[in-house]
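Tertiary structure, described
In case you want the letters, here they are:
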Amino acid sequence: MNITIIGTGYVGLVSGAVFADWGHNVVCLDVDKKKVQNIKKGIMPIYEEGLEELVKRVQNIEKRFRVTTDYKKAVEHGKLIFICVGTPGNSQGAADLSYVFSASEAIGKYLKNEYKVIVTKSTVPVGTHNKVKEYILKGAGSKKVNFDVASNPEFLREGTSIYDANHTDRVVIGSDSKKALNLLERLYKHLNAPIVKTNLASAELIKYAANAFLATKISFINEMSQICERTGADVKDVALGMGLDNRIGPKFLNAGIGYGGSCFPKDVEALYRTSSEYFYDFRLLRGVMDANERQKIYFIEKVYKKFGTNLTGLTFGILGLAFKNGTDDIRKSVAIEIVKMLRGAGAVLNVYDPAALKNAKNALGVNGINYRLSSKSVFNKADAVFILTEWPEFAELNYAHLSKKMRKKIIFDGRNLLNPKEVISAGLDYYGIGRFLNF
Ligand code: UGA
């Protein structure tokens, strides 16, 4: 099938490359010329495991994948046209849909009377499809056009998105048109995953419901970690005991410094806003967001309790800056927020992340921060080392050995990555999230 993708961010580029890998002819459009030139050269705008190899293969060897800035060519190409542009949160916490609407209008401008399906993959609030349709018609002007709109939300996780695209738990497609649903079903049928065919509003809402529910799970276990600290329970054991119940499941029950990234914070807030617009106060979500904010404050308070609120003269080692492991993405990264708080209180920071150093440097600058090229070097003369991102390699370090280089042997484990008993018996002070420490 001929497929067009509008927007070459995480969702667009990964989806385009994966569709080409499935044997379809894909044209990806982006308005950013530099980005398009780079992708043509095999330089990816994002770090994503396996993406560069996949794009190079489908683009240069199998020749089923092209990138362009030419809207006319892109719109003429695809039977299915996927809108995958960003929907960042605006200053009121709602989703900013301006990119979605300008893409819709541009699509309308080049549509002809040949039938096409315009599919929204970007995460958009319920009801957006009506506006997408309006903007397409606005772009088309007085021309006769023949199209349907559909919604096909994306559930990819950064860091594992190519795997996720090939091993999805489910596919969700929404449209009022049977023809559009059938075309989309054809695209995904080979995955042998359940396909939820529904109306447009439900498809749009499913994405928000899923992200908000996962964020709720994280905030729930983070709140539980507070109860654990006060009662002598261990949150890891509590999560294990809960998660073994099939109805609950073990995933997204890792207590830590809170969720971040380009999706959860923005989507929980946007769902809350949407609910308010429909005159419903979704109080549970307010609690989820509050708990997420409080969690990093609790963490910083542990540091103040240990060192006081003025951290001048102290040097801290920081392990992890990305919003989670497996990515270079630092958008809404709690690690970055914590780094800013520590620096703001006067500490000097030696920081390391396996993938996000460059992005972090752009965001944080060099004032009070030394960027290190190995995890081990952050231990040198440190008054404490902080684990802020759950990279598995941080769990593999020899803390007993590395602590010899520290000024004070203290670990703040913001991701509960280490076994406290082992760290303490290696002679370090350990501060985790909701852990039992009196061995
Ligand atoms: C999330 C969803 O998991 C995807 O299904 C969805 O497609 C995507 O958003 C999106 O809307 O595009 P992602 O943002 O890549 O994916 O990240 P997650 O793996 O969900 O992690 C989000 C945050 O939660 C991270 O900061 C992570 O550290 C934190 N987290 C996750 C926890 O604190 N505890 C956990 O147990 C799990």
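No experiment lies behind these values; they were computed from the predicted model shown.

Each helix and strand in the chain was counted, giving 17 helices and 14 strands. Compactness check: the chain gives a C-alpha radius of gyration of 24 Å against a globular reference of 22 Å for 439 residues, within 12% of the reference. Its C-alpha atoms give the chain principal-axis dimensions of about 75 × 45 × 40 Å. The buried share among the 439 residues of the chain stands at 54%. Sequence-distant contacts, at least 24 apart, represent 71% of the contacts inside the chain between residues at least 6 apart. By element, 52% of the accessible surface of the chain is carried by carbon and sulfur atoms, the whole surface being about 20,100 Å². When the 62 basic and 45 acidic side-chain charges of the chain are each reduced to a single mean position, those positions are 3 Å apart.

The full set close to the ligand counts 20 residues, and Leu156, Glu158, Lys207, Asn211 and Glu390 are the nearest of them. Leu156 is positioned such that a nitrogen or oxygen atom in its backbone is 2.7 Å from an oxygen atom of the ligand. Contacts to the ligand include Gly260, whose backbone N or O atom sits 3.0 Å from an oxygen atom. Surface burial for the ligand is 91%, taken as the share of its 710 Å² of free accessible area covered by protein chains. Broken down by secondary-structure element, the contributors of at least two residues to the shell around the ligand are helix H9 (200–231) and helix H11 (264–277). Considering every element that reaches the shell around the ligand, the biggest residue donor is H9, with three residues. Its residues assigned to classes, the shell around the ligand comprises nine nonpolar, three polar and eight charged.

A separate point is the packing of aromatic side chains. For the structure shown, the criterion picks out 17 aromatic pairs. When the centroid spacing of 5.9 Å and the interplanar angle of 80° are considered together, the rings of Tyr259 and Phe264 count as edge-to-face. Take Tyr259: its relative accessible area is 6%, and that puts it in the buried class. Relative accessible area serves as the criterion here: at 12%, Phe264 is assigned to the buried category. An angle of 65° between the planes, with centres 6.4 Å apart, marks the rings of Tyr352 and Phe394 as edge-to-face. Of the two residues, Tyr352 sits in strand E10 (residues 348–352) while Phe394 sits in helix H15 (residues 392–395), which places them 42 residues apart along the sequence. You'll find Tyr352 and Phe394 in the same group, each marked buried.

Turning next to the environment of Asp429. Residue position: Asp429 is located in strand E14 (residues 429–431). The spacing of Asp429 and Arg286 is 143 residues in sequence and 35 Å in space, taken between C-alpha atoms. Apart from residues no more than four positions distant in its own chain, Asp429 is found in contact with Lys306, Lys409, Ile410 and Ile411.

With that out of the way, let us pick up the domain arrangement of the chain. Domain annotation of the chain identifies domain 1 (2–198) and domain 2 (232–439). One C-alpha centre belongs to domain 1, the other to domain 2; they are set 34 Å apart. Counting residues at the interface gives 15 residues for domain 1 and 16 residues for domain 2. Among the residues of domain 1 in contact with domain 2, Tyr47, Gly93 and Glu158 are the three that bury the most area, contributing 43% of the side total. The interface formed by domain 1 and domain 2 includes one salt bridge. Note that Glu158 and Arg331 form a salt bridge whose closest N and O atoms lie 3.6 Å from each other.

Turning to the pairing of E10, a few remarks are in order. On a regular strand, one side chain projects to one face of the sheet and the next to the other, so that they alternate. Within E10, four of the five residues are buried, leaving the element largely enclosed by the surrounding structure. When strand E9 (residues 315–319) meets E10, the two strands line up parallel, connected through five bridges. Bridge pairing in E10 places Phe316 opposite Leu349. Taking the sense of rotation as the criterion, the β-α-β connection linking E9, helix H13 (residues 334–344) and E10 turns out right-handed. Across three bridges, E10 lies against strand E11 (residues 369–371) in parallel orientation. Directly across from Asn350, in E11, lies its bridge partner Asn370. Since E10 and E11 lie parallel, the crossover through helix H14 (residues 357–364) that links them has a hand, and here it is right-handed.

Okay, the pattern of salt bridges next. Counted under the stated rule, the structure contains 27 salt bridges. Its salt-bridge partner being Arg435, residue Asp234 comes within 3.1 Å of it at the nearest N-O pair. Of this pair, Asp234 sits in the loop between H9 and helix H10 (235–243) while Arg435 sits in the segment after E14, and the two are 201 residues apart along the sequence. Between Glu390 and Arg415 there is a salt bridge, with its nearest N and O atoms 3.5 Å apart. Here Glu390, found in the loop between strand E12 (384–387) and H15, pairs with Arg415, found in the loop between strand E13 (410–413) and helix H17 (420–425); they are 25 residues apart in sequence, far enough to count as distant. The network of salt bridges with common partners includes Asp21, Arg57, Glu62 and Arg64.

To continue, consider unusual backbone geometry. Notably, Asn192 is not glycine yet its phi reads approximately 55°, a positive angle. Within the fold, Asn192 resides in the loop between helix H8 (178–188) and strand E8 (195–198). We note that Asn416 has phi near 50°; this positive angle belongs to a residue other than glycine. Relative to the assigned elements, Asn416 resides in the loop between E13 and H17.

Mapping Thr123 onto the fold places it in the loop between strand E5 (116–120) and helix H6 (128–140). Here the side chain of Thr123 touches Lys207 through a polar contact of 3.4 Å, side chain to side chain. Residues contacting Thr123, with those up to four places away along its chain left out, are Thr87, Lys207, Tyr208, Lys266 and Asp267.

Calculation notes
- Here the residue numbering is sequential within each chain, running from 1 through the sequence in written order.
- A pLDDT threshold of at least 70 governs which residues receive local features in this predicted model, and a stricter bar of 80 or more applies before side-chain atom pairs are shown or counted, although totals over entire chains, interfaces and linings include all residues.
- Excluding hydrogens and water, the side-chain values take into account all heavy atoms of the structure.
- Secondary structure elements are defined from DSSP: runs of H or I of at least 4 residues count as helices, runs of E of at least 2 residues count as strands, and each element is numbered from the N terminus.
- Throughout, the radius of gyration refers to the C-alpha atoms, and the reference size of a globule is 2.2 Å times the residue count to the power 0.38.
- When a residue's accessible area, from a 1.4 Å probe over protein chains only, is under 20% of the maximum for its type it is buried; when over 50% it is exposed; and in between it is partly exposed.
- Residue contacts are counted whenever heavy atoms from the two residues lie within 4.5 Å of one another.
- The accessible surface values rely on the Shrake-Rupley method and a 1.4 Å probe; as for residues, cover is taken only from the protein chains in view.
- Asp and Glu are treated as the negative residues and Lys and Arg as the positive ones, with His and the ends of the chain left uncounted.
- Each charge is placed at NZ for Lys, CZ for Arg, CG for Asp and CD for Glu.
- Note on definitions. A residue lies near a molecule or strand when any single heavy atom of the residue is within 4 Å of it.
- Pairing of N or O atoms within 3.5 Å defines a polar contact, subject to two protein rules: one partner must be a possible hydrogen donor and the other a possible acceptor, and residues neighboring in sequence count only if both atoms are side-chain atoms.
- The residue classification treats Ala, Val, Leu, Ile, Met, Phe, Trp, Tyr, Cys and Pro as nonpolar and Asp, Glu, Lys and Arg as charged. All others, Gly included, are polar.
- Stacked, tilted and edge-to-face pairs are distinguished by plane angle, under 30 degrees for stacked and over 60 for edge-to-face with tilted covering the rest, among Phe, Tyr and Trp rings (Trp via its six-membered ring) whose centres lie within 6.5 Å.
- For the domains described, the bounds stem from an automatic or database domain assignment.
- Summed over both partners, buried area is the accessible surface (1.4 Å probe) that two parts give up on being assembled.
- Here, a salt bridge means any side-chain nitrogen of Lys or Arg that lies within 4 Å of a carboxyl oxygen of Asp or Glu.
- By the convention used here, strands pair only if DSSP detects at least 2 bridges between them.
- The path from the first strand over the helix to the second decides the hand: if it runs clockwise while the strands point away from the viewer, the crossover is right-handed.

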